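Structure assessment
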Amino acid sequence: MLAGFALAVLLQCGIRSASASETETDTGTVSERFVSLIRDANALVSGEAPVEGNPAPQPTRKPGSAKGPYYVDFRARTAASWGHAFVWYGKTSERQVEVAGLTPAGDTLAYVIGYVTWVPSETGASYGDLDPEYLTANYRVYLNEPDAKRVFAYIRELQASSPVWNAELSNCTSFIGSIASFMGLKVPHRWQRPEEYVNSLKAMNGGRQVVHMSSEQ
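I will try to describe carefully the structure that is included in this document.

Basis of the calculations
Starting afresh in each chain, residues are numbered from 1 along the sequence in its written order. Residue-level local features of this predicted model are given only where pLDDT is at least 70; pairs of side-chain atoms are given and counted only at 80 or more, and the full residue set underlies all totals for whole chains, interfaces and linings. Values shown for side chains rest on all heavy atoms present in the structure; no hydrogens or waters enter the calculation. For every residue, the accessible area obtained with a 1.4 Å probe (protein chains only) is divided by the maximum for its type, and the residue is called buried under 20%, exposed over 50%, and partly exposed between those limits. Numbered from the N terminus, helices here are DSSP runs of H or I no shorter than four residues, and strands are runs of E no shorter than two. Throughout, a contact is declared for two residues whenever any of their heavy atoms are within 4.5 Å. Only strands that DSSP links by at least two bridges are regarded as paired with each other. Salt bridge, as applied in this entry: a Lys or Arg side-chain nitrogen positioned within 4 Å of an Asp or Glu carboxyl oxygen. Contacts described as polar in this section are N or O atom pairs within 3.5 Å, which, within protein, must combine one atom able to donate a hydrogen with one able to accept it, while residues neighboring in sequence count only if both atoms come from side chains. Expected span of a helix: the number of residues minus one, times 1.5 Å. It is the directions from the helix axis to the C-beta atoms that the arc portrays. Simply put, an axis is a line fit to the C-alpha atoms, just over the touching stretch for a helix, and the angle between two N-to-C directions goes from 0 to 180 degrees. Angle categories are assigned with fixed cut-offs, so that under 35 degrees is roughly parallel, over 145 is roughly antiparallel, 65 to 115 is roughly perpendicular, and the rest are oblique. Crossing handedness: left-handed means the near helix sits turned counterclockwise from the far one by under a right angle, and right-handed means the same turn made clockwise. Only Asp, Glu, Lys and Arg are considered charged, only Ala, Val, Leu, Ile, Met, Phe, Trp, Tyr, Cys and Pro nonpolar, and every remaining residue, Gly among them, polar. Only buried residues count toward a nonpolar core. Its members are Ala, Val, Leu, Ile, Met, Phe, Trp, Tyr and Cys residues joined through side-chain atoms within 4.5 Å.

1. Topic: helix 5 (residues 172–182)
Burial within helix 5 is extensive, with nine of its eleven residues counted as buried. For helix 5, every residue scored as buried is listed here: C172, T173, S174, F175, I176, G177, I179, A180 and F182. Those residues of helix 5 that are buried lie in contact with strand 1 (70–77), strand 2 (84–91), strand 3 (98–101), helix 4 (145–160), strand 7 (164–165) and helix 6 (194–204).

2. Topic: the sheet that holds strand 4 (residues 103–104)
Within the open sheet, the three strands sit side by side as 4-5-7. Their pairing is antiparallel. Taken across any chain shown, the strands that pair with only one partner, and hence form the sheet edges, are strand 4 and strand 7.

3. Concerning the pattern of salt bridges
Under the definition given, this model contains five salt bridges. Two residues, R75 and D73, come together in a salt bridge whose shortest N-O distance is 2.9 Å. Here R75 falls in the buried class, since its relative accessible area comes to 7%. Looking at D73, the relative accessible area reads 1%, which means it is buried.

4. Things to note about the environment of N166
Mapping N166 onto the fold places it in the loop between strand 7 and helix 5. Between the C-alpha atoms of N166 and A110, which are 56 residues apart in sequence, the distance is 9.8 Å. If we skip the residues at most four places from it in the chain, N166 touches G114, V116, T117, W118 and N171. Polar contacts involving the side chain of N166 include one to the main-chain carbonyl oxygen of T117, which spans 2.9 Å. Separated by 3.0 Å, the side chain of N166 and the backbone nitrogen of L169 make a polar contact.

5. Focus on helix 4
Between the first and last C-alpha of helix 4 there are 23 Å, a value that for 16 residues agrees with the 22 Å anticipated at 1.5 Å per step. Along helix 4, the positions that sit buried rather than exposed are D147, A148, V151, F152, Y154, I155, L158 and Q159. Looking straight down helix 4, one finds that the buried residues subtend no more than 155 degrees of arc, so they occupy a single side. Facing away from the buried side of helix 4, by more than 90 degrees, are the exposed residues P146, K149, E157 and A160. Its buried side turned inward, helix 4 meets strand 1, strand 2, strand 3, strand 6 (135–143) and helix 5.

6. Brief notes about the pairing of strand 3
Two strands pair when backbone bridges link them, and strand 2 and strand 3 are joined in this way by four bridges, in the antiparallel orientation. Within strand 3, the position partnered with F86 by the bridge is G101. The antiparallel hairpin formed by strand 2 and strand 3 contains six residues in its connecting segment.

7. Some remarks on the side chain of D129
Mapped onto the elements of the fold, D129 is located in the loop between strand 5 (119–122) and strand 6. Exposure remark for D129: the relative accessible area of 2% places this residue in the buried category. A distance of 2.6 Å separates a polar atom in the side chain of D129 from a polar atom in the side chain of R77. From its side chain, D129 meets the backbone nitrogen of S126 in a polar contact 2.8 Å long. Setting aside its immediate chain neighbours within four residues, D129 contacts R77, H84, F86, W88, V99 and G124.

8. Looking at the packing of helix 4 against helix 5
Across the interface, helix 4 lies against helix 5 with an axial gap of 10 Å and an inter-helix angle of 150 degrees. Classified by the interaxial angle, the pair formed by helix 4 and helix 5 is roughly antiparallel. Judged by the twist between their axes, the crossing of helix 4 over helix 5 is right-handed. Contact residues: helix 4 offers R150, V151, Y154, I155, L158 and Q159, while helix 5 offers F175, S178, I179 and F182. Class assignment of the residues belonging to the contact of helix 4 with helix 5 gives a composition of seven nonpolar, two polar and one charged.

9. Some details on the nonpolar core
One finds V72, F74, V151, I179 and M183 to be the most contacted residues of the largest nonpolar core, which totals 35 residues. Put simply, the parts of the chain that give this core at least two residues each are strand 1, strand 2, strand 6, helix 4, helix 5 and helix 6. Not counting residues within four places of it along the chain, the set of residues in contact with I179 comprises V72, F74, V87, V151, Y154, I155 and L158. Judged by nonpolar contacts, the second largest core, of five residues, contains Y71, F86, V99 and Y142.

Structure below.
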C-alpha cells in the first residue's frame, strides 16, 4: 500500500514536472526526467530503496532470580555483655524459621563459670534471637534444595554434638563458623565480638548471596 502510494506520488510529480518543463526543454529532456522518476518508483516498490520506519519492539526478558528457595542467615544481637551470634535457617516462602546457636545453659552464673571451665550448653533459640530490635548484624546466604538438606542436617548434628559451652574454646561464634565452613564460606577468626564476626564473615565472602556446594563435600 505504501509503495503504491509512493509510486502514484512520483508519477504525479513526474507529470507536473514534465508539464512545467515542456515550455523550457525539449522532448528528450522531459523523457529522461520521466524515466528517472519511474526508475526511482520501481526501486521503492522492489525494496531496493531504504524505507524508514519505527523499529520492531524487542521482547523484554524478565531476569530470573539466582537465589535459592532456602537460606541460612548468620546473625548477631545485643546481650547483657558480649553479645550473641546464631543462625536462622529455613525456606524463603515460609515465615517460620529455625534457630540454632550455642549458649551456656542456665543463668548468669553459668556464663561466668564458662570463662574458666566447661558448662552445659543450649543450642536452640535463646532470649532475643527472634526480636529484630536486638539485631546488630546479619548475613543471609541462599541455597537450593539439595544443598539446604545437607546444611540443615549438619546444623542439627552440630546441635546434638555440642553439649558444653566455653567462652574461649567453644562459643557462639565458633558454632556459626562451623556452619559457614561446612557451606564452603571463608571464616574469620572467632576471637571477635558477634557483631564484628558476622560483618567480617560477610566481607570476607564479598557479600556473596548464593552458595552452590560441591558434591564431594
